[in-house]
Amino acid sequence: MSTPRIAHRAAHRTTHRLSINAPADLVFSMLRDASHWPYLDGLTVYSERVRGDDTTHELRTSVVSNGSLSSSHCWRVFNAARHRAEFQQLNLEAPLQRLSGDWEIRQADGLTVVTLNHAFEVDDEHLAERINGIIEDYGRRELEALRVSCERLSLLLQHHAPQGQAAIQPETYPAEQPAPQFTAQSATGEA
């Protein structure tokens, strides 16, 4: 199976931005490691990395969206040096033809500013406004959940740091590594 390409062109776009009182490395780590999301964000009920590593991977999630449970697969690509992540939803159902986006995390005025962009295309433009509303609602909720989780963890790390020492920082990841190449054999675990 080949690595999905992250799409950047779409007919509709949304942007959400939020400041978080936590270090950018911590926020990036929380975003990258989705295994804990069901315990933290209140939106995700299931999250599993299907294949890949900390640089690129396929993620399967189930979330509460628009009052109902929905599941999805997405391909995520991370750039640790720039604190950026790109994603593209896989196996979409009509009316969505494409749903992708990116996260940008940067320090500004002592806070971490997180920007979440979505881009999507639909096969029925009459439904575009409704889908845009769902993405707007979920994007705001997702950012707020990330803010609350990161600020709580940052505070805990500060309180539990030994006197006179900086707080323990979450695991950081090496900058840009080449993405692994996937084949049908590696996807099925065959040698």
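In this report, we go over the structure that sits alongside the text. None of the values given here were measured: they were computed from a predicted structure.

Turning to the overall build of the protein chain, a few remarks are in order. When its secondary structure is counted, the protein chain shows four helices and seven strands. The secondary structure elements of the protein chain, listed N-terminal to C-terminal, are β-α-α-β-β-β-β-β-β-α-α. The buried share of the protein chain, reckoned over its 191 residues, is 41%. Contacts spanning at least 24 positions in sequence make up 56% of the contacts within the protein chain whose residues lie at least 6 apart. Summed over all atoms, the accessible surface of the protein chain reaches about 10,800 Å², with 49% contributed by carbon and sulfur.

We now examine the nonpolar core. If you look at the biggest cluster of nonpolar residues, it comprises 23 residues, and the most contacted ones within it are Ile20, Val27, Trp103, Ile105, Val114, Leu146 and Cys150. Looking at this core, the elements with two or more residues in it are helix 1 (24-32), strand 4 (68-79), strand 5 (84-90), strand 6 (96-108), strand 7 (111-122) and helix 3 (128-159). The greatest single-element share of this core, amounting to six residues, is contributed by helix 1. The contact partners of Ile20, leaving out residues within four places of it in the chain, are Val27, Leu111, Thr112, Val114, Leu146, Arg147, Cys150 and Glu151. Formed by six residues, the second largest nonpolar core is a distinct cluster that contains Leu99, Ala128, Ile131 and Ile135.

Its 32 residues place the ends of helix 3 46 Å apart at the C-alpha level, agreeing with the 46 Å of an ideal helix rising 1.5 Å per residue. Listed in full, the buried residues belonging to helix 3 are Ala128, Ile131, Ile135, Tyr138, Gly139, Glu142, Leu143, Ala145, Leu146, Ser149, Cys150 and Ser154.

Procedures and definitions
- Residues numbered from 1 in each chain as written.
- Predicted model: local features only at pLDDT ≥ 70, side-chain atom pairs only at ≥ 80, totals over all residues.
- Heavy atoms only, no water.
- Helix = DSSP H or I, 4+ residues; strand = E, 2+ residues; numbered from the N terminus.
- Buried < 20%, exposed > 50% of the residue type's maximum accessible area, 1.4 Å probe, protein only.
- Contact = heavy atoms within 4.5 Å.
- Areas by Shrake-Rupley, 256 points an atom, 1.4 Å probe, with all protein chains shown as cover.
- Core = buried A, V, L, I, M, F, W, Y, C linked by side-chain atoms within 4.5 Å.
- Expected span 1.5 Å × (residues − 1).

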